[in-house]
Amino acid sequence: MADIRNNFVGIKSPNPFWLASAPPTDKAYNVIRAFKAGWGGVVWKTLGEEGPPVVNVNGPRYGAIWGADRRLLGLNNIELITDRDLQVNLREIKQVKKDWPDRAIVVSLMVPCVEESWKAILPVVEETEADGIELNFGCPHGMSERGMGAAVGQVPEYIEMVVRWCKANTRMPVITKLTPNITDVRKPARAALSGGTDAVSLINTINSITGVDLDSFAPQPTIDGKGSHGGYCGPAVKPIAMNMVAEIARDPETHGLPISGIGGITTWRDAAEFMALGAGNVQVCTAAMTYGFKIVQEMIAGLENWMDEKGHATLDDIVGRATPNVTDWQYLNLNYVAKAHIDQDACIKCGRCHIACEDTSHQAITNMVDGVRHFEVIEAECVGCNLCVNVCPVENCITMEPLAAGVMDQRTGKPVSPVYANWTTHPNNPMAKVAAE
């Protein structure tokens, strides 16, 4: 059986599945239920400084995007950090850690961008014997208007400064949570590393409005006729999150920096993909809010079964395995040629491949052959774009088949070259670099 025990910057947990800082981790009751269900750790919902708690709206806090089958694809969240008293949270954290010593408990923090505020909260969190802290530099709504959350995470200099404050004033590992609401996520990651962070976690939620009520003309969720931008999460953000994880993992300046992957993780496969791109563990929120805490049992079983099937003994065998295969477009092999192939036995003759290719692509799929409805790839027109594969409703009915070196490409009339060649040396590139002889 594969060993999926996790050691993330010295924080140990029985598996790599943590609940992210969010409503599911706002109180001991929830966290205990999560641990009983099998979660390896939690990031406790973000704590603020001592004093009157923040005030949340007393109405809808979530907007949603659904698929055609009503499956939840994305949530828009306008909830703020915890609205429970700081001391109540601290007492609960301490008790839960005492009762569940084998589980990871990391405390998310957000206080004003003032050194004294951080110095004040760090000792009281440390006293709970929590395993670490996560600096919430990502919240895009409510708190950012107060100079916290994404307002800090969008300024690398602020990130570095606050991380330095924390590293100087706590023994606990520091995880810096990054906002995706920025042009280049590598810059805040580099800043966090310069400040001494032990790890980064990403992505936090994406600034969003998920819908507009066309009767009231108010954004959703609607509070007394008005709406606000919020944080977008769920399966729909997974591609964005994975790209940002990969960008940090392959950046020469941050390569090797531990990453906790967040963003749309719903299945064991999602988790494995994040880890293959460089995440040392993963955090989950929307999937738990949609399906309940027991979803982690499917994640654990699925990951273990896949690792056993593939011969991966520990998580170290998969973390970062895909990172070297992520490259920039200019380095892709322009001499690689693939053509679509339709399995006629599997084809249900719906015609979606034909109409997609005919109307929007390269007119490379027939719809009639000898007066009979028939869908077949015209290799002389196929550029291997893969659109037909993606619109086909039958899995593996259409596949992309690479042409071997030396085989004639009917579209170009030239044999496939066995030599790797990319855009940096292509004759059409005005800035092509000719290899030294």
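Residues numbered from 1 in each chain as written. Predicted model: local features only at pLDDT ≥ 70, side-chain atom pairs only at ≥ 80, totals over all residues. Heavy atoms only, no water.

- Going by what an unreviewed UniProt entry lists, the protein is known as dihydrouracil dehydrogenase (NAD(+)) and is assigned to Mesorhizobium caraganae.
- Its UniProt record, at the heading Function (unreviewed entry), says of the protein: "Involved in pyrimidine base degradation. Catalyzes physiologically the reduction of uracil to 5,6-dihydrouracil (DHU) by using NADH as a specific cosubstrate. It also catalyzes the reverse reaction and the reduction of thymine to 5,6-dihydrothymine (DHT)."
- As stated in UniProt under Subunit (unreviewed entry), the record for the protein gives "Heterotetramer of 2 PreA and 2 PreT subunits." (UniProt positions renumbered as here; feature names shortened; annotations may be inferred.)

**Focus on unusual backbone geometry**
Line of reasoning, step 1. In this chain, Leu-202 is followed by Ile-203 through a cis amide linkage whose omega measures 10 degrees.
Line of reasoning, step 2. Its place among the elements puts Ile-203 in the loop between β10 (199-202) and β11 (206-208).
Line of reasoning, step 3. Here the amide bond leading from Gln-220 into Pro-221 is cis, since omega sits at 0 degrees, within 30 degrees of zero.
Line of reasoning, step 4. Here Pro-221 lies in the loop between β13 (218-220) and β14 (230-233).
Line of reasoning, step 5. Even without glycine at this site, Lys-349 takes up a positive phi of about 60 degrees.
Line of reasoning, step 6. One can find Lys-349 in the loop between β17 (338-342) and α11 (352-360). (Helix = DSSP H or I, 4+ residues; strand = E, 2+ residues; numbered from the N terminus.)

**Side note on the nonpolar core**
Line of reasoning, step 1. Core analysis: the biggest nonpolar cluster contains 78 residues, and Trp-39, Trp-118 and Leu-202 have the highest contact counts within it.
Line of reasoning, step 2. Setting aside chain neighbours within four positions, we find Trp-39 in contact with Asn-15, Phe-17, Trp-18, Leu-19, Ala-34, Arg-103, Val-284, Ala-288, Phe-293, Ile-295, Val-296 and Met-299. (Core = buried A, V, L, I, M, F, W, Y, C linked by side-chain atoms within 4.5 Å. Buried < 20%, exposed > 50% of the residue type's maximum accessible area, 1.4 Å probe, protein only. Contact = heavy atoms within 4.5 Å.)

**Observations concerning the pairing of β10**
Line of reasoning, step 1. Side-chain alternation along β10 places Ala-199 and Ser-201 on one buried face and Val-200 and Leu-202 on a second face that is also buried.
Line of reasoning, step 2. Relative to β10, strand β9 (residues 174-177) runs parallel, the two sharing three bridges. Counted as the bridge partner of Ile-175 is Ala-199 from β10.
Line of reasoning, step 3. What joins β9 to β10 is helix α6 (residues 186-195), and the crossover it makes is right-handed.
Line of reasoning, step 4. Relative to strand β15 (residues 259-262), β10 is paired through three bridges, and the arrangement is parallel. Note that in β15 the partner of Leu-202 across the bridge is Gly-261. (Pairing = 2+ DSSP bridges. Right-handed = clockwise from strand over helix to strand, strands pointing away.)

**Section: the sheet that holds strand β8 (residues 132-136)**
Line of reasoning, step 1. Spatial ordering of the closed barrel is given by β3-β4-β7-β8-β9-β10-β15-β16, a layout of eight strands whose pairing is parallel. Between one strand axis and the next, the sheet turns through 25 degrees on average, direction left out of account.
Line of reasoning, step 2. Relative to β8, strand β7 (residues 104-109) runs parallel, the two being bridged by four bridges. Bridge assignment links Ser-108 to a residue of β8, and that residue is Glu-134.
Line of reasoning, step 3. Its contacts with the sheet place helix α3 (residues 115-126) against β7 and β8, and it is angled at close to 160 degrees to β7. (Axes fitted to C-alpha atoms, helices over the stretch in contact; angles between N-to-C directions.)

**So, the state of the cysteines**
Line of reasoning, step 1. One pass over the structure, following the stated rule, counts zero disulfides.
Line of reasoning, step 2. Its sulfur unpaired, Cys-113 is 9.9 Å from the next cysteine sulfur, which belongs to Cys-166.
Line of reasoning, step 3. Exposure remark for Cys-166: the relative accessible area of 0% places this residue in the buried category. (Disulfide = S-S within 2.5 Å.)

**Topic: the side chain of Thr-266**
Line of reasoning, step 1. For Thr-266, the location among the structural elements is in the loop between β15 and α8 (268-276).
Line of reasoning, step 2. Not counting chain neighbours up to four residues away, the residues in contact with Thr-266 comprise Pro-235, Ala-287, Tyr-291, Ile-295 and Met-299.

**A closer look at empty space enclosed by the protein**
Line of reasoning, step 1. One pass over the structure, following the stated rule, counts four cavities of 30 Å³ or more.
Line of reasoning, step 2. In terms of lining residues, the largest cavity is bounded by 34 residues, among which Ser-21, Ala-22, Lys-177, Asn-204 and Thr-205 are the most central.
Line of reasoning, step 3. Every element with two or more residues in the lining of the largest cavity is listed here: β4 (41-47), β6 (72-77), β14, β16 (281-284) and α9 (286-291).
Line of reasoning, step 4. For the lining of the largest cavity, the element with the most residues is α9, which contributes three residues.
Line of reasoning, step 5. Taken as a whole, the second largest cavity spans an internal volume of roughly 120 Å³.
Line of reasoning, step 6. Along the wall of the second largest cavity there are 15 residues; nearest its centre are Cys-357, Ala-364, Cys-382, Cys-385 and Cys-388.
Line of reasoning, step 7. Here the residues of the lining of the second largest cavity sort into eleven nonpolar, four polar and no charged. (1 Å grid on protein atoms, 1.4 Å probe; cavity = no way out; pocket = protein on both sides within 12 Å on 5 of 7 lines; lining within 4 Å. Points joined across faces, edges and corners; volume = space filled by probe spheres on them. Nonpolar A, V, L, I, M, F, W, Y, C, P; charged D, E, K, R; others polar.)

**Side note on helix α10 (residues 295-310)**
Line of reasoning, step 1. Taking 1.5 Å of rise per residue, 16 residues should cover 22 Å, and α10 covers 23 Å from first to last C-alpha, within 8% of that figure.
Line of reasoning, step 2. Residues Ile-295, Val-296, Met-299, Ile-300, Gly-302, Leu-303, Glu-304 and Met-307 constitute the buried set of α10.
Line of reasoning, step 3. The elements touched by buried residues of α10 are β3 (17-19), α1 (28-37), α8, β16 and α9.
Line of reasoning, step 4. One or two steps after α10, the chain reaches Gly-311, where phi turns positive at roughly 80 degrees. (Expected span 1.5 Å × (residues − 1).)

**A look at the packing of helix α5 (residues 156-169) against α6**
The relative placement of two packed helices comes down to the angle between their axes together with the axis-to-axis distance.
Line of reasoning, step 1. Contact geometry of α5 with α6 gives a least axis separation of 7 Å together with a crossing angle of 30 degrees. Considering the angle they form, α5 stands roughly parallel to α6. Crossing angle aside, the handedness with which α5 passes α6 is right-handed. Facing Pro-156, Ile-159, Glu-160, Val-163, Arg-164 and Lys-167 of α5, the residues of α6 in contact are Lys-187, Pro-188, Ala-191, Ala-192, Ser-194 and Gly-195. (Parallel < 35°, antiparallel > 145°, perpendicular 65-115°, else oblique. Left-handed = near helix turned anticlockwise from the far one by under 90°.)

**Let's talk about the side chain of Asn-429**
Line of reasoning, step 1. Within the fold, Asn-429 resides in the segment after β22 (414-415).
Line of reasoning, step 2. The class for Asn-429 is buried, based on a relative accessible area of 11%.
Line of reasoning, step 3. A polar side-chain atom of Asn-429 sits 2.8 Å from the main-chain amide nitrogen of Met-431. (Polar contact = N/O pair within 3.5 Å; in protein donor to acceptor, adjacent residues only side chain to side chain.)

**Regarding the pattern of salt bridges**
Line of reasoning, step 1. Using the criterion set out here, one finds 22 salt bridges in the structure.
Line of reasoning, step 2. Measuring nitrogen to oxygen at the nearest pair gives 3.7 Å for the salt bridge that ties Arg-190 to Glu-253. Remark: Glu-253 occurs in the loop between α7 (238-250) and β15 and Arg-190 occurs in helix α6; sequence separation between them is 63 residues.
Line of reasoning, step 3. Where salt bridges share partners, they join Asp-184, Arg-186, Glu-247, Arg-250 and Asp-328 into one cluster. (Salt bridge = Lys/Arg side-chain N within 4 Å of Asp/Glu carboxyl O.)

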